[in-house]
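# Coordinate inspection notes
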Amino acid sequence: MGQRLSGGRSCLDVPGRLLPQPPQPPPPVRRKLALLFAMLCIWLYMFLYSCAGSCTAAPGLLLLGSGSRAAHAQPALVTASNETSPKMPFRAPPANSLAAGNDKTVVAGSQEEQSPETPDSPSPISSFFSGSGSKQLPQAIIIGVKKGGTRALLEFLRVHPDVRAVGAEPHFFDRSYHKGLAWYRDLMPRTLEGQITMEKTPSYFVTREAPARISAMSKDTKLIVVVRDPVTRAISDYTQTLSKRPDIPSFESLTFRNRSAGLIDTSWSAIQIGLYAKHLEPWLRHFPLGQMLFVSGERLVSDPAGELRRVQDFLGLKRIITDKHFYFNQTKGFPCLKKAEGSGKPHCLGKTKGRAHPVIAREVLRQLRDFYRPFNRKFYQMTGRDFGWD
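Residues numbered from 1 in each chain as written. Predicted model: local features only at pLDDT ≥ 70, side-chain atom pairs only at ≥ 80, totals over all residues. Heavy atoms only, no water.

As recorded in an unreviewed UniProt entry, the protein chain goes by the name Sulfotransferase, listed as coming from Mesocricetus auratus.

## Considering helix 11 (residues 304-314)
Each α-helix turn comprises 3.6 residues. Residues three or four places apart therefore point the same way. Extensive coverage of helix 11 is indicated by the burial of 9 of its 11 residues. Once helix 11 finishes, G316 follows within two positions and takes phi at roughly 75°, a positive value. (Buried < 20%, exposed > 50% of the residue type's maximum accessible area, 1.4 Å probe, protein only. Helix = DSSP H or I, 4+ residues; strand = E, 2+ residues; numbered from the N terminus.)

## Regarding the nonpolar core
Membership of the largest hydrophobic core comes to 33 residues, with the highest contact counts inside it found for I143, F173, I214 and W283. Listed by contribution, the elements that provide at least two residues to this core are strand 2 (140-144), helix 4 (181-187), helix 5 (210-217), strand 6 (222-227), helix 9 (276-284), strand 9 (292-296) and helix 12 (362-383). With 4 residues, the top contributor of residues to this core is helix 9. When residues no more than four places from it in sequence are discounted, the contact partners of W283 are I143, Y204, F205, A210, P211, I214, L223 and M292. If you look at the next biggest cluster of nonpolar residues, it comprises 26 residues, including L154, V159, V163 and M198. (Core = buried A, V, L, I, M, F, W, Y, C linked by side-chain atoms within 4.5 Å. Contact = heavy atoms within 4.5 Å.)

## Considerations on the pattern of salt bridges
One pass over the structure, following the stated rule, counts 17 salt bridges. Note that R310 and E307 form a salt bridge whose closest N and O atoms lie 3.3 Å from each other. Pair noted here: R310 and E307 are both in helix 11, with a separation of 3 residues, about one helical turn. Linked by salt bridges that have partners in common, R299, D303, E307, R310 and R385 make up one network. (Salt bridge = Lys/Arg side-chain N within 4 Å of Asp/Glu carboxyl O.)

## Quick word on the UniProt feature "active site" (unreviewed entry) in the protein chain
Annotation from UniProt places "active site" (unreviewed entry) at K147. Turning to its location among the elements, K147 is positioned in the loop between strand 2 and helix 3 (150-157). (UniProt positions renumbered as here; feature names shortened; annotations may be inferred.)

## Observations concerning the sheet that holds strand 3 (residues 163-165)
One key point about sheets: their strands pair by backbone hydrogen bonds, in either a parallel or an antiparallel sense. In spatial order, the strands read 3-5-2-6-9; together these 5 strands make up an open sheet with parallel pairing. Here the strands that pair on one side only, and so sit at the sheet edges, are strand 3 and strand 9. In this sheet, neighbouring strand axes are inclined to one another by 25° on average, regardless of whether the strands run parallel or antiparallel. The sheet contact formed by strand 6 and strand 9 spans 5 bridges and is parallel. Residue pairing across strands places V226 opposite V295, the latter belonging to strand 9. Sitting on the sheet, helix 11 touches strand 6 and strand 9, and the angle it makes with strand 9 is about 170°. (Pairing = 2+ DSSP bridges. Axes fitted to C-alpha atoms, helices over the stretch in contact; angles between N-to-C directions.)

## Focus: the pairing of strand 2
Counted residue by residue, strand 2 has 5 buried out of 5 residues, so it is predominantly covered. The pairing of strand 2 with strand 5 (residues 196-200) spans 3 bridges and is classified as parallel. What sits directly across from I141, in strand 5, is E199. Direction of pairing for strand 2 relative to strand 6: parallel, over a ladder of 4 bridges. When the sheet's bridge partners are listed, I142 is paired in strand 6 with I224.

## A closer look at unusual backbone geometry
Following G144, the chain continues to V145 via a peptide bond in cis, the omega torsion being -5°. Position of V145 relative to the elements: it lies in the loop between strand 2 and helix 3. A positive phi is found at K147, a non-glycine position, where the angle reads about 60°. Non-glycine residue H171 carries a positive phi angle of around 55°. Its location among the elements puts H171 in the loop between strand 3 and helix 4. The exposure class of H171 is buried, given its relative accessible area of 3%.

## Examining the environment of V145
For V145, a relative accessible area of 1% corresponds to the buried category. Considered as a pair, V145 and V225 are 80 residues apart in the sequence and their alpha carbons are 6.3 Å apart. Apart from residues no more than four positions distant in its own chain, V145 is found in contact with T150, P202, F205, V225, V226, V227, R233, I273 and Y276.

Put into structure tokens, the structure is as follows:
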């Protein structure tokens, strides 16, 4: 046999533990799982990195692309350019402008409908990146009018990837001004460079203090007013109140101060809001007419893409929202979005929109139209647009 070691053992008798043992290879399944996990982490990192700059910018339709704001000197029905316009500068208000207390509006009435069915709910991806961007004071505000179509316009605009808007009505310039601009800014969604921050509160249009307060925030704020035939607007206003308070008096009894004399009661908020020319005057003392856009509530129903084209031009946005984004819902009598913000599903306004109006006597309607006619004509002259309500 072989050479003997001390102790009488041969080299073949050395215990196995004294020899170096090769490391055991990991089981094949474990090795594959580790490799798969590493590849998944790398893929996820690359995906998030590539989306970080664009997902927040486009929380709406994925088919819209990233979009960009186009520069426009004046609203015009021409193809928007691809130049990117800078954000409108913000001018800080005077120090004493935030010292106001509770506010009173021109007219009393029920609170604006908050439309709980349409909260400010961005898509899951944009929520994931909610830390991106910064909160800005709004560069554009939909200031009116109640029951004119402001909710529809806001929902349509939120499809645009360069528009970020608050879903609920802040009511800052009429009810909460004493809370200060920092509180107001904190209500706004985060935006990236090139995006527009917006909000809508229809009661601003009839609030005496609102024009000066918005001007103090920024004289460059763009203002949008959605108007509608004041007679049908008043009936719609009454219908909304009736749905909440079925015991209120009839429309006819609220309309007239003296029915036999045909005197209209202008103290009733449903009537008062429709005096558009009267409410517009204080706004024109603080903002030039070119900084205001008047949207037809009727055309917002019959031709939403056409009105949205005007709005996009006014805001300096690329014309992204077109006919392909709408379909008409025969049941509701309203246009609906084929795809809403952050969703691939069709979206119509909630059940509170499109209520059936009560039947109003023809004579009452005639008297109301006669009453509003001079105010309407003055409004046409002030805005340079005939809305065809007469």
